Amino acid sequence: MSKLTDLRDRIESREARIGVIGLGYVGLPLAVELGQAGFRVTGFDVDAVKVRGLAQGRSYIGDVESSAVAALLEQGRLEATTDFDGLAEMDIINICVPTPLRKTRDPDVSYIASAVEEVRKHLREGQLVILGSTTYPGTTHEFVIPMLEDAGLEIGRDFGLAFAPERIDPANRQFKVKNVPKVVGGETPLCTELACQVFGTVFETTVPVSSTQAAEMVKLLENTFRAINIGLANEIALMCEKLDLDVWEVIDAAATKPYGFMKFTPGPGLGGHCIPVDPAYLSWKMKSLNFPARFIELATEVNGSMPDHVVDRIAELLNEDRLAVNGARILVLGVAYKSGVDDMRESPALDVVATLLARGAEIRYHDPFVAECDFAGASMKSVDLTDEVLKSSDLVVVLTDHPGVDYDRVVRVGPRVFDTRNATRDVAHDREKITRL
Ligand SMILES: NC(=O)c1ccc[n+]([C@@H]2O[C@H](COP(=O)([O-])OP(=O)(O)OC[C@H]3O[C@@H](n4cnc5c(N)ncnc54)[C@H](O)[C@@H]3O)[C@@H](O)[C@H]2O)c1
C-alpha cells in the first residue's frame with residue numbers, strides 16, 4: 001500500500017498519475033499544463049461531447065490550442081473519459097466542476113457533491129484530493145471531509161485533501177495559468193506541502209496558506225473586491241450622468257495616480273461564471289452566521305440594476321429621435337460577457353436583449369465570438385456587420401467591446417451609437433452620433 005508521503009517521490013519523478021474532474025474553462029487548461037509538465041493526466045467529465053472532442057485532439061476552450069491537446073494525446077500524457085472507475089489509478093485528483101447559484105441565489109454545491117462522491121467510491125491510500133472550484137469558506141472542511149471519511153481512511157495520514165482556488169482569466173494575454181501565483185491551503189501541513197509540490201511543477205509561484213478555509217476565503221475576497229469595485233464604477237457612472245460629466249474621462253484621469261487607486265470601469269452589468277456568482281457564496285455563508293454582508297448586498301444591487309438602466313437609456317435615445325422601443329431596429333454589438341471571449345454565462349446582454357424584445361424591439365446582434373445565442377427563448381444568429389445591416393438599424397448598442405470590430409466604420413456608416421464600454425474612444429469623427437454610458 002502506498003503512503004501519502006510516497007507522493008513526494010512520485011511527484012518529483014513525474015510518476016504520479018493526475019486526474020482532473022471537470023474539463024471546462026478551468027480544468028482543461030490545468031490538465032494541459034500538468035501534461036506539459038511531464039505527468040500522465042486523465043480528464044474525467046460527464047459531458048461525452050467534450051470527451052470525444054478531446055480524444056480527437058480538439059480543444060473547445062479559447063485559451064487552449066488544439067495542437068497542444070493533440071501533442072499530449074500523441075505522447076500519451078493526456079486522455080479524457082466519462083468513466084470514473086479510472087479515478088482509482090490516480091495519485092492526485094483535482095476537482096474543477098461548476099459552482100453556480102440556485103434560482104434562490106443560494107450556492108449550488110451539487111456538482112462538488114457528485115464529483116466527491118465519485119472520488120469517495122475510488123478513494124485509496126496515498127491519494128491527494130484538491131478542490132479547485134470556487135466555494136464558500138468551510139466547504140472542504142465541513143462538506144467534503146465527512147463525505148470522503150466515509151471511505152474509512154484517515155485524512156492527513158492515508159489520504160490528503162487541499163483547496164487551491166483557480167484564478168484563470170480567460171483571454172488574458174499577459175497572465176496565463178503559469179504566471180499567476182497559486183494559493184494552496186491543505187487540511188494538514190503535509191497536504192499543503194504535497195499540493196504546493198505538484199502545483200510548483202506548473203506555476204511559477206505557489207502561496208501556501210494555513211487552512212483550506214483561508215484558501216477558500218482568499219478566492220472570495222478577490223472576486224468580491226472586483227464585484228464591489230465594479231459596483232462603485234457603475235455608481236460613479238450614474239453620478240456622472242446626473243452631473244453631466246464624462247465618467248470615462250474622470251476614471252482615466254484618476255487612474256494616472258500612481259498609488260492608492262486601481263482602475264475599474266462601468267458597463268451594462270456583471271457577467272461570467274465568477275464575479276456575479278462568487279460573492280453570493282460568501283454572503284450566503286455569512287447569513288448562516290447571522291452576519292449581513294453589506295458591501296456585497298449593495299454591489300449586487302447596483303450591478304444588478306445596470307441592464308435596466310441601459311434599457312432606459314436606449315429608450316431615451318430612441319425617444320430623442322421620435323422613435324419608440326416597440327418596433328425600433330436595434331443592432332447589438334457584442335453579447336459575450338466580456339471582451340475577447342465566447343462565454344455567455346450570466347452575460348448582461350441576456351437581460352438587456354430579453355427586456356428590449358419583451359418591449360417589442362427588433363433585435364439583431366453581431367458578435368465575432370458568439371455565432372448563435374438564445375435570449376429568453378428567442379434564438380438568434382450573429383449577423384455580418386455589413387453596411388446594409390448598419391444603415392437599416394435605428395440604433396447601435398455596444399454591450400461588449402470585442403477586438404476585431406471596426407468601431408470607426410460602425411460610427412461612420414451606422415446610425416447613432418450607444419456605447420456602454422467606451423469602445424468608440426478612438427473614433428475621431430461623428431462624435432455627435434455617439435452617446436456613452
Ligand atoms: N471560468 C473562469 O474563468 C473561472 C475562473 C476561476 C475559477 N472558476 C471556478 O472554477 C470552477 C469551474 O468553472 P469553469 O468555468 O471551468 O466551469 P465549466 O462549466 O467551464 O466546466 C465545468 C466542467 O465540469 C463538468 N462537470 C460537471 N459536473 C461534473 C461531474 N459531476 N463530474 C465531472 N465533470 C463534471 C462539465 O461538464 C464541464 O465540462 C467553478 O467553481 C468556477 O467558479 C472559474
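(A) The arrangement of the overall build of the protein in detail. A tally of regular secondary structure across the protein gives 14 helices and 15 strands. On C-alpha atoms alone, the protein measures out to a radius of gyration of 24 Å, which is about the 22 Å that the 2.2 N^0.38 rule sets for 437 residues. By principal-axis analysis of the C-alpha atoms, the protein measures approximately 80 × 50 × 40 Å. Excluding contacts between residues fewer than 6 apart, the proportion of contacts in the protein whose partners are at least 24 apart in sequence is 69%. Split by element, the accessible area of the protein, about 19,800 Å² in all, is 51% carbon and sulfur. In the protein, 47 side chains carry a positive charge and 65 a negative one; their mean positions are 2 Å apart.

(B) Expanded view of the sheet that holds strand β1 (residues 17-21). Strands sit in the order β3-β2-β1-β4-β5-β6-β7-β8 across an open sheet of 8 strands; the sheet is mixed. In this open sheet, the two edge strands, each paired with only one partner strand, are β3 (78-81) and β8 (206-209). Here the average twist between neighbouring strands, direction ignored, is 25°. Where strand β7 (residues 182-186) lies against β8, 4 bridges are found, and the strand directions are parallel.

(C) Summary view of the site of the ligand. Near the ligand, the surroundings consist of 27 residues, among which Val 26, Asp 45, Lys 50, Thr 99 and Thr 134 are the closest. Backbone polar atom of Thr 134 to an oxygen atom of the ligand: 2.9 Å apart, as the coordinates give it. Taking His 273, its side chain carries an N or O atom lying 3.2 Å from an oxygen atom of the ligand. Taken by itself the ligand offers 830 Å² of open surface, and the protein chains cover 92% of this.

(D) Just the side chain of Asn 234, in detail. Position of Asn 234 relative to the elements: it lies in helix α8 (residues 212-243). At a separation of 2.9 Å, a polar atom in the side chain of Asn 234 contacts the side chain of Asn 303. Ignoring anything within four residues of it in the chain, the contact list for Asn 234 reads Pro 266, Gly 267, Val 302, Asn 303 and Met 306.

(E) Structural context of the sheet that holds strand β15 (residues 434-436). Strand order in the open sheet formed by 5 strands is β10-β9-β13-β14-β15, with parallel pairing between adjacent strands. Strand pairing shows two members of the sheet lacking a second neighbour, β10 (362-366) and β15, which therefore form its edges. The sheet shows a mean angle of 20° between the axes of neighbouring strands, taken without regard to direction.

(F) Summary view of helix α2 (residues 27-36). Within α2, 9 of the 10 residues are buried, which leaves it mostly tucked inside the rest of the structure. Buried residues of α2: Gly 27, Leu 28, Pro 29, Leu 30, Ala 31, Val 32, Glu 33, Leu 34 and Gly 35, and no others. A positive backbone phi angle near 110° is found at Gly 38, which sits one or two residues after α2.

(G) Looking closely at the environment of Glu 388. Structurally, Glu 388 can be placed in helix α13 (residues 387-391). When its relative accessible area of 52% is taken as the criterion, Glu 388 is described as exposed. On a C-alpha basis, the gap between Glu 388 and Val 413 in space is 9.2 Å, while along the polypeptide they are 25 residues apart.

(H) Region of interest: the pairing of strand β4 (residues 92-95). The two faces of β4 match: Ile 92 and Asn 94 on one face and Ile 93 and Ile 95 on the other face are all buried. Of the pairings in the sheet, the one linking β1 to β4 comprises 4 bridges and is parallel in character. Bridging from a neighbouring strand, Ile 18 pairs with Ile 92 of β4. Across 4 bridges, the pairing between β4 and strand β5 (residues 128-131) is parallel. Residue pairing for β5: Ile 95 is matched across the bridge by Leu 131. Handedness of the β-α-β unit built from β4, helix α5 (residues 110-122) and β5 comes out right-handed.

Scoring rules and cut-offs
- Residues numbered from 1 in each chain as written.
- Predicted model: local features only at pLDDT ≥ 70, side-chain atom pairs only at ≥ 80, totals over all residues.
- Heavy atoms only, no water.
- Helix = DSSP H or I, 4+ residues; strand = E, 2+ residues; numbered from the N terminus.
- Rg over C-alpha atoms; globule rule 2.2 N^0.38 Å.
- Contact = heavy atoms within 4.5 Å.
- Areas by Shrake-Rupley, 256 points an atom, 1.4 Å probe, with all protein chains shown as cover.
- Lys, Arg positive; Asp, Glu negative; His and termini not counted.
- Charge placed at Lys NZ, Arg CZ, Asp CG, Glu CD.
- Pairing = 2+ DSSP bridges.
- Axes fitted to C-alpha atoms, helices over the stretch in contact; angles between N-to-C directions.
- Near = heavy atom within 4 Å.
- Polar contact = N/O pair within 3.5 Å; in protein donor to acceptor, adjacent residues only side chain to side chain.
- Buried < 20%, exposed > 50% of the residue type's maximum accessible area, 1.4 Å probe, protein only.
- Right-handed = clockwise from strand over helix to strand, strands pointing away.

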